[in-house]
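Close look at the chain arrangement
As a plain string of letters, each chain reads:
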Amino acid sequence: MLCLTSFCTAYCQNAVTFQAYALFSRAFSLNGEDPPPYRSVALAGFGAGTIQTSILTPVELIKIRLQLFSSTHRSVIGPLVLAKSIFMSEGIRGLYRGLGITILRDAPAHAIYFSSYEYTREYLHPGCRKTGEESLSTMLMAGGIAGVASWVSCYPLDVLKSRLQGQGGSGIPDKYTGILDCMRKSVQEEGISVLWRGLGTAVTRAYLVNGAIFSAYELSLRFMPSEKKVLADCTIH
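The paragraphs below set out a description of the structure included in this document.

Notes on the overall build of the protein
- In terms of regular secondary structure, the protein is built from 10 helices and 0 strands.
- A buried classification covers 42% of the 237 residues belonging to the protein.
- Taking as baseline every contact in the protein between residues at least 6 positions apart, the subset at least 24 positions apart corresponds to 72%.
- Surface accessibility of the protein: about 12400 Å² in total, with carbon and sulfur atoms responsible for 68%.

Shown next as structure tokens:
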């Protein structure tokens with residue numbers, strides 16, 4: 001069940017993020033610049049990261065809570081049961097616990113995510129932002145670097161977000177009262193390195209996963225009918 005929740009999280013995240021990025025790209029490219037300047041790419045990424053939190057926050061909250069349960073409880077309490085329980089006991093605010101720090105994590109990280117992808121692919125294959133003719137190796141490397149750059153930029157906030165979303169709903173008083181309190185107590189108790197714990201595993205996964213995501217997207221565009229490609233092409237190019 002936990003694997004299903006993780007899959008749903010990734011599916012929702014990428015679907016919402018890329019579609020939101022497409023809409024913001026059109027909004028920030030009113031002059032028809034082709035390719036759009038990196039400033040517009042970063043702004044569109046910032047907007048996409050902000051929008052996706054409306055769906056991602058409750059999904060990640062449930063995933064984190066499930067991870068804290070023992071394997072016995074996981075087999076009995078599924079995502080929908082847990083979501084209903086949180087809603088009944090804490091209301092809609094309970095499902096959106098950690099919304100503020102999720103926005104702080106995702107908005108700047110997605111600005112870095114998309115702009116670093118565009119910069120890297122253009123650096124590796126000059127002119128490809130306009131022609132869309134980069135090689136598979138360029139797609140893989142640019143996507144991987146984008147994933148690593150975005151994760152490194154937001155990793156401490158991700159650690160704090162997980163701790164904030166993991167508390168509540170169990171009858172135990174909250175340990176942390178907010179973002180700054182969580183950071184202060186975490187560093188005092190475990191040292192500054194706690195904010196970077198697990199980074200190596202995260203960036204390795206980010207390189208592989210995001211290289212595959214961007215490659216799959218770029219290659220799928222090449223097989224789309226031309227009229228559909230014009231609409232979808234705004235997402236990245």
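Some remarks on helix α7 (residues 136–166)
- For α7, spanning 31 residues, the distance from its first C-alpha to its last is only 39 Å, which falls clearly below the expected 45 Å at 1.5 Å a residue.
- Along α7, the helix axis deviates most sharply at Cys 154, where the bend reaches about 60 degrees; the proline Pro 156 sits within four residues downstream.
- Gly 168 sits one or two positions beyond α7 and adopts a positive phi of about 100 degrees.

Details of the packing of helix α5 (residues 99–124) against α7
- Close contact between α5 and α7 brings their axes to 7 Å; oriented N to C, the two are set at 170 degrees. Classed by the angle they form, the pair α5 and α7 counts as roughly antiparallel. Note on packing geometry: the crossing formed by α5 with α7 is right-handed.
- The class makeup of the residues in the contact of α5 with α7 is 17 nonpolar, 9 polar and 4 charged.

A look at the packing of aromatic side chains
- Per the counting criterion, the structure on display carries 12 aromatic pairs.
- Ring centres 5.8 Å apart and planes at 55 degrees place the aromatic pair Phe 18 and Phe 214 in the tilted group. You can see Phe 18 sitting in helix α1 (residues 2–27) and its partner Phe 214 sitting in helix α9 (residues 199–222), a full 196 residues away along the chain. In terms of burial, Phe 18 and Phe 214 fall into one category: buried.
- Each member of the aromatic cluster is reached from another via a ring pair, and the members are Phe 18, Tyr 21, Tyr 113, Phe 114, Tyr 117, Phe 214 and Tyr 217.

Describing the pattern of salt bridges
- A complete count under the given rule lists 16 salt bridges for this structure.
- The salt bridge involving Arg 121 is made with Glu 134; its shortest N-O contact spans 2.7 Å. A residue pair is termed long-range when its members are at least 10 positions apart, and Arg 121 in helix α5 and Glu 134 in the loop between α6 (128–131) and α7 qualify at 13 residues. Residue Arg 121 shares its accessibility class with Glu 134, and that shared class is buried.
- For Asp 181, the salt bridge identified is with Lys 185, shortest N-O distance 3.2 Å. Taken together, the positions of Asp 181 and Lys 185, both in helix α8 (residues 179–190) and 4 residues apart, correspond to about one turn of that helix.

Here's the deal with the nonpolar core
- Ranked by size, the top nonpolar core spans 14 residues in total, and within it Phe 18, Tyr 21, Tyr 113, Phe 114, Tyr 117, Ala 146 and Phe 214 carry the most contacts.
- Secondary-structure elements contributing two or more residues to this core are α1, α2 (38–68), α5, α7 and α9.

Concerning the side chain of Ser 116
- Here Ser 116 is to be found in helix α5.
- Overall, the relative accessible area of 14% leaves Ser 116 in the buried class.
- Ignoring any residue separated from it by four or fewer positions in sequence, one finds Ser 116 in contact with Ala 146 and Ala 149.

Thresholds, definitions, all that
Residues take numbers from 1 onward in each chain, read along the sequence in its written order. Totals for whole chains, interfaces and linings use every residue, but because this is a predicted model, local features are given only for residues with pLDDT of at least 70 and side-chain atom pairs only at 80 or more, for both listing and counting. Excluding hydrogens and water, the side-chain figures rest on all heavy atoms present in the structure. Strands here mean DSSP runs of E at least two residues long; helices mean DSSP runs of H or I at least four residues long; both are numbered from the N terminus. The buried label applies to any residue whose accessible area, calculated with a 1.4 Å probe on protein chains only, is under 20% of its type's maximum; exposed applies above 50%, and partly exposed to all values in between. Two residues qualify as a contact provided that any one of their heavy atoms is within 4.5 Å of a heavy atom in the partner residue. In these tables, accessible area is a Shrake-Rupley quantity obtained with a 1.4 Å probe, and a residue counts as shielded only by the protein chains included in the view. Expected helix span is computed as 1.5 Å times (number of residues minus one). A residue's bend is the angle separating two fitted axes: one through the seven residues that end there, the other through the seven that start there. Geometry is summarised by axes, namely lines fitted to C-alpha atoms with helices restricted to the contacting stretch, and by angles between N-to-C directions that run from 0 to 180 degrees. Should an angle lie under 35 degrees it is considered roughly parallel, over 145 roughly antiparallel, and from 65 to 115 roughly perpendicular; all remaining angles are considered oblique. Handedness of a crossing follows from how the near helix is turned relative to the far one, being left-handed for an anticlockwise turn of less than a right angle and right-handed for a clockwise one. Throughout this entry, Asp, Glu, Lys and Arg are counted as charged residues, while Ala, Val, Leu, Ile, Met, Phe, Trp, Tyr, Cys and Pro are counted as nonpolar. The remaining residues, Gly among them, count as polar. For this analysis, a ring pair means two rings from Phe, Tyr or Trp (six-membered ring only for Trp) whose centres lie within 6.5 Å, classed as stacked if their planes differ by under 30 degrees, edge-to-face if by over 60, and tilted for the remaining angles. In what follows, salt bridge is the name for a side-chain nitrogen of Lys or Arg lying within 4 Å of a carboxyl oxygen of Asp or Glu. In these notes, a set of buried Ala, Val, Leu, Ile, Met, Phe, Trp, Tyr and Cys residues joined through side-chain atoms within 4.5 Å is what counts as a nonpolar core.

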